[in-house]
Amino acid sequence: MSDNDNESGVSGLGWFLAGLGIGALAGVLYAPKAGKETREDLVASALDAKDKAAVMAQQAQDRAAVLAQQGKQQVGEYVDRGKEYYDRGRTQWAQYVEKGKGLVQEHKEAYASTTGESHS
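Everything numeric in this text was worked out from a predicted model, so none of it was measured. (Residues numbered from 1 in each chain as written. Predicted model: local features only at pLDDT ≥ 70, side-chain atom pairs only at ≥ 80, totals over all residues. Heavy atoms only, no water.)

Q: Even after reading the chapter, I still don't get the overall build of the chain, so can you show me in this structure?
A: Scanning the chain from terminus to terminus reveals two helices and zero strands. Across the 120 residues that make up the chain, the buried fraction comes to 2%. (Helix = DSSP H or I, 4+ residues; strand = E, 2+ residues; numbered from the N terminus. Buried < 20%, exposed > 50% of the residue type's maximum accessible area, 1.4 Å probe, protein only.)

What follows is the structure, given as structure tokens:
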């Protein structure tokens with residue numbers, strides 16, 4: 001049932017827009033102006049719409065460039081932070097390895113002293 005409601009809403013909107021367009025066209029064609037004036041008005045409206053579209057396109061392009069630059073900066077920051085974490089982890093790992101080697105050596109020496117053997 002909701003599908004029918006959605007379809008009728010969409011088709012109703014489509015018919016409304018079509019009627020609006022037809023009404024506007026009829027209004028222009030039956031306006032109390034000469035044909036030449038009507039054509040000039042239509043051309044002027046079309047050129048105005050073209051200019052507005054060009055301005056909006058340029059604004060969208062400028063905004064996209066700003067967002068792209070911000071995205072590049074954020075990616076650079078994340079990469080730098082990732083390198084920092086990697087280096088920190090690598091340093092800690094090296095410290096743990098050295099500490100482990102020291103513990104192994106201490107246990108070897110302690111074992112050797114209890115058994116009287118020499119393990120170097």
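Q: Honestly, the pattern of salt bridges in this entry has me stumped. Any pointers?
A: Per the counting criterion, the structure on display carries three salt bridges. Here Arg 88 ties to Glu 84 by a salt bridge, and the two come within 2.9 Å at their closest N and O atoms. Taken together, the residues Arg 88 and Glu 84, both in helix H2 (residues 35-115) and four residues apart, mark about one turn of the helix. With a shortest N-O distance of 3.7 Å, Glu 98 and Lys 101 are connected by a salt bridge. With a gap of three residues between them, Glu 98 and Lys 101 both fall in helix H2, about one helical turn apart. (Salt bridge = Lys/Arg side-chain N within 4 Å of Asp/Glu carboxyl O.)

Q: Help me understand a nonpolar patch on the surface, please; the structure alone is not making it clear to me.
A: On the surface, a cluster of nonpolar side chains totalling about 320 Å² of accessible area is made up of Phe 16, Leu 17 and Leu 20. Locating Leu 20 in the fold gives a position in helix H1 (residues 2-29). (Patch = residues over 30% accessible without salt bridge, like charges linked within 9 Å, V, L, I, M, F, W, Y side chains within 5 Å. Areas by Shrake-Rupley, 256 points an atom, 1.4 Å probe, with all protein chains shown as cover.)

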